[in-house]
Amino acid sequence: MILEDMILDNVKNMPPSGIRKYFDLINEMEDVISLGVGEPDFVTPWNIREAGIYSLEEGHTHYSSNAGFIELRHEISKYLYRKFNLTYNPTDEILVTVGGSEGIDLALRALTGPGDEVIIPEPSFVAYKGCTAFTGATAKVINLRAEDEFKLTPKLLEEAITPKTKVVIVPFPNNPTGAIMTRDELQGIVEVLKDKDIIVISDEIYAELCYGKEHVSIASFPEMKEKTLVINGFSKAYAMTGWRLGYICGHPILIEAMKKIHQYAIMCSPTTAQYAAIEAMKNGDNSVEEMVKEYNRRRRVLVDGFRKMGLDCFEPLGAFYVFPCIKSTGMTSDEFCEKLLRDQKVLTVPGNAFGDCGEGFIRACYASSMDNIIEALRRISLFIDKINK
Ligand SMILES: Cc1ncc(COP(=O)(O)O)c(C=O)c1O
């Protein structure tokens, strides 16, 4: 038997993530400063960790209900209303998932298959395209533009919609660009979608990480509520990446369908993480506020640092990424990142790892200490000076 031939084409043909090469390289190097990984450098706040530990001490080591503990779903419901004016019924409109990642996969698996098109604005999180391909559906990419500050415009959306469009992904605040969408900008998107039979998957995992402008959910527009699935989770805002916990909210019919897949494939999300998450929802606001304040300080330093080096860098108002343009160096994104890593031992990620239109940009993550950011800027500056000589 040729094992290779046993693997489905849409799995076989999926290229590995463009980031992997860099993680292999840094494994062989010392003294690398990483602005590469998209995860908080903070440890989960102590009260949240303690709630997880206490649940273990109490012997809470069993499965939860498929949808997640009802107490957690109640807390999520209160949180979403308090923060984003979203109303979801804990009993049948919220499903607790293994990270936002599982929510994305469930939504695409429940809704799409061969013959369907999924609109994916890029640059964006690599999982959208991968999970779309695994369902057999076709990814229809929208190339967002630096001159629009990488926002989704009604015109670009309208042009991408065909009779086959089943799902549109709305990925804001955005990884890797840091772009956000304001209420007015979303209004234009709502006008395009409100009368169409298209489901929106709104990935709001960075909703808490906004600087200067409040996050607005497309689900908060009454015309969109029924046709939107909101993805969120604990990884980014609460520095809980390793706990693997997220949630997806939407109409009971959609949640029920996704719950079926979750039930058979996963059973339930991790119990310890759910206990910790209850504490995060009840008493996590102050910690989030402190982390956001610190991210904002680092964001300013990094943006200003890139601009001082002469690199165009639009103002990212969300998430924890800066997306400077490196076209002036004459290098491709990949060349820039690889040379920077080898010469100066600073890890950044080529923009085209997040879609072809990210070519000419790099992603630098500021979920790293201020000392690291300052040292990274010093090294990047030396690198740029060398190129300019
Ligand atoms: C835009 C976006 N959505 C979702 C996720 C998934 O996060 P998690 O599965 O840890 O909740 C990530 C992680 O990097 C992300 O950047």
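Predicted model, so just to flag it, every value in this text is computed and none were measured.

### Comments concerning the site of the ligand
Consideration 1: The immediate surroundings of the ligand are formed by 13 residues, with Gly-100, Ser-101, Asp-203, Ser-235 and Lys-236 found nearest.
Consideration 2: Between the ligand and the protein, one listed contact pairs an oxygen atom with a side-chain N or O atom of Asn-175 at 2.8 Å.
Consideration 3: Here Tyr-206 contributes a side-chain N or O atom positioned 2.8 Å from an oxygen atom of the ligand.
Consideration 4: Its free accessible area being 400 Å², the ligand has 92% of it covered by the protein chains.
Consideration 5: For the ligand, the cavity whose grid points lie within 2 Å of the majority of its atoms is the largest pocket.

### Regarding the pairing of strand E7 (residues 228-233)
Consideration 1: With six of six residues buried, E7 is to be regarded as a mostly interior element.
Consideration 2: A two-sided burial pattern is seen for E7, the buried positions comprising Thr-228, Val-230 and Asn-232 on one face and Leu-229, Ile-231 and Gly-233 on the other.
Consideration 3: The pairing of strand E6 (residues 199-203) with E7 spans four bridges and is classified as parallel. Considered in E7, the bridge of Ser-202 is made with Val-230.
Consideration 4: Sheet analysis places E7 next to strand E8 (residues 246-249), joined by four bridges and oriented antiparallel. The residue bridging Ile-231 from the neighbouring strand is Ile-248, located in E8.

### Thoughts on the packing of helix H3 (residues 20-27) against helix H13 (residues 333-344)
Consideration 1: The contact between H3 and H13 brings their axes to 11 Å, and the two run at 10°. In terms of axis orientation, H3 runs roughly parallel to H13. The segment H3 lies against H13, with Lys-21, Tyr-22, Leu-25 and Ile-26 engaging Asp-334, Cys-337, Glu-338, Leu-341 and Arg-342.
Consideration 2: Considering only residue class, the contact of H3 with H13 consists of five nonpolar, no polar and four charged.

### Thoughts on empty space enclosed by the protein
Consideration 1: Counting across every chain of the model gives two cavities of 30 Å³ or more.
Consideration 2: Estimated volume of the largest cavity: approximately 80 Å³.
Consideration 3: For the largest cavity, the lining is made up of 13 residues, of which Phe-172, Met-181, Leu-186, His-215 and Val-216 are closest to its centre.
Consideration 4: Of the residues that constitute the lining of the largest cavity, the class distribution is nine nonpolar, two polar and two charged.
Consideration 5: Size it by volume and the second largest cavity reaches roughly 30 Å³.
Consideration 6: When its residues are assigned to classes, the lining of the second largest cavity shows five nonpolar, two polar and one charged.

### Description of the nonpolar core
Consideration 1: Of all hydrophobic cores here, the largest spans 69 residues; its most connected members are Phe-234, Tyr-238 and Phe-320.
Consideration 2: For this core, the element with the highest residue contribution is helix H12 (residues 285-308), accounting for seven residues.
Consideration 3: The two domains that each donate at least three residues to this core are domain 1 (3-44 + 285-388) and domain 2 (46-284).
Consideration 4: By size, the runner-up hydrophobic cluster in this structure holds 29 residues, among which are Leu-144, Val-170, Val-192 and Val-200.

### Overview of the pairing of E6
Taken residue by residue, a regular strand's side chains alternate between the two faces of the sheet.
Consideration 1: Most of E6 sits inside the fold, with five of its five residues counted as buried.
Consideration 2: The pairing of strand E5 (residues 165-170) with E6 spans four bridges and is classified as parallel. Opposite Val-170, over in E6, you have Ser-202 as the bridge partner.
Consideration 3: Regarding topology, helix H9 (residues 183-193) serves as the crossover connection from E5 to the parallel E6, and that connection is right-handed.

Parameters at a glance
Residues numbered from 1 in each chain as written. Predicted model: local features only at pLDDT ≥ 70, side-chain atom pairs only at ≥ 80, totals over all residues. Heavy atoms only, no water. Near = heavy atom within 4 Å. Polar contact = N/O pair within 3.5 Å; in protein donor to acceptor, adjacent residues only side chain to side chain. Areas by Shrake-Rupley, 256 points an atom, 1.4 Å probe, with all protein chains shown as cover. 1 Å grid on protein atoms, 1.4 Å probe; cavity = no way out; pocket = protein on both sides within 12 Å on 5 of 7 lines; lining within 4 Å. Sits in = over half its atoms within 2 Å of the grid points. Buried < 20%, exposed > 50% of the residue type's maximum accessible area, 1.4 Å probe, protein only. Helix = DSSP H or I, 4+ residues; strand = E, 2+ residues; numbered from the N terminus. Pairing = 2+ DSSP bridges. Axes fitted to C-alpha atoms, helices over the stretch in contact; angles between N-to-C directions. Parallel < 35°, antiparallel > 145°, perpendicular 65-115°, else oblique. Contact = heavy atoms within 4.5 Å. Nonpolar A, V, L, I, M, F, W, Y, C, P; charged D, E, K, R; others polar. Points joined across faces, edges and corners; volume = space filled by probe spheres on them. Core = buried A, V, L, I, M, F, W, Y, C linked by side-chain atoms within 4.5 Å. Domains from an automatic or database assignment. Right-handed = clockwise from strand over helix to strand, strands pointing away.

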